[in-house]
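Take a look at the letters that make up each chain.
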Amino acid sequence: MHDVILAPEIAALLDDPVMMIMSTETDNLWPTIGRCLGARAVDSQTFEVIFSQGRYPEIGRRLAAGCRMAVTITRLRDHVSYQIKGRAVSEAISAADAALAASYREQILAFFLAAGVHEKVIQQWIGGTSLLRARLDVSEVYNETPGPRAGPATGLGA
């Protein structure tokens, strides 16, 4: 039984343009970092992200062995941020996952183009092939919104 529950605010956060960074640990505890291309809260204890194995092959290798992973999500309009941690594994994507990644890429492209960022720069963030899904069994959730209350655990309890 889990004692950490994903708060409904996290699922709602994903309805807006967000930037998402994922990280796994290497054997010597150095992080491997990559950008996510879509995410969903499957239920109150499971979180999934889509990423490019072509861009981040080390993350794909780490997840194939089952490792701990952290995902940090920041809503672009107000910088509300959460970090979700847990054991994760990689899985092949489904048609729904591919559609999620395509929708995410369109949303982020439109957001940053409207802000005046050149498309070439944006494509560096959201490009990549050989998509995989990382499935996290959530063990920790933190509010990382910048400010005096950043850092506390959240989502605790039933």
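Preceding this section is the structure that the text describes.
As the structure is a computational prediction, the values presented were derived from the model and not from experiment.

Asker: How should the sheet that holds strand E2 (residues 31–43) be read in this particular structure?
Answerer: Two orientations exist for strands paired in a sheet by backbone hydrogen bonds: parallel and antiparallel. The sheet built from six strands closes into a barrel, its strands ordered E1-E2-E3-E6-E5-E4 with antiparallel pairing. Within this sheet the neighbouring strands show an average axis-to-axis angle of 40 degrees, counted without direction. Pairing of strand E1 (residues 18–25) with E2 involves five bridges; the strand directions are antiparallel. By the bridge assignment, Thr 24 is partnered in E2 with Thr 32. This element, helix H3 (residues 95–114), spans E1, E2, strand E3 (46–52), strand E5 (81–92) and strand E6 (131–143) of the sheet and lies at about 115 degrees to E2.

Asker: Would you take a moment to explain the packing of aromatic side chains for this structure?
Answerer: What describes a pair of aromatic rings is the distance from one ring centre to the other and the angle between the planes of the rings. Counted under the stated rule, the structure contains two aromatic pairs. Relative to Phe 112, the ring of Phe 111 lies with its centre 5.2 Å away and its plane at 85 degrees, an arrangement referred to as edge-to-face. According to the relative accessible area criterion, Phe 111 is partly exposed, its value standing at 29%. Owing to a relative accessible area of 12%, Phe 112 belongs among the buried residues under this scheme. Between Phe 112 and Trp 125, the ring centres sit 4.7 Å apart and the planes meet at 75 degrees, which makes this aromatic pair edge-to-face. With Phe 112 in helix H3 and Trp 125 in helix H4 (residues 119–126), the pair connects residues that are 13 residues apart, well separated along the chain. Taking relative accessible area as the criterion, Trp 125 reaches 21% and is therefore assigned partly exposed. One aromatic cluster in this structure is built from Phe 111, Phe 112 and Trp 125.

Rules behind the numbers
Residues numbered from 1 in each chain as written. Predicted model: local features only at pLDDT ≥ 70, side-chain atom pairs only at ≥ 80, totals over all residues. Heavy atoms only, no water. Pairing = 2+ DSSP bridges. Helix = DSSP H or I, 4+ residues; strand = E, 2+ residues; numbered from the N terminus. Axes fitted to C-alpha atoms, helices over the stretch in contact; angles between N-to-C directions. Contact = heavy atoms within 4.5 Å. Phe/Tyr/Trp six-rings, centres within 6.5 Å; stacked < 30°, edge-to-face > 60°. Buried < 20%, exposed > 50% of the residue type's maximum accessible area, 1.4 Å probe, protein only.

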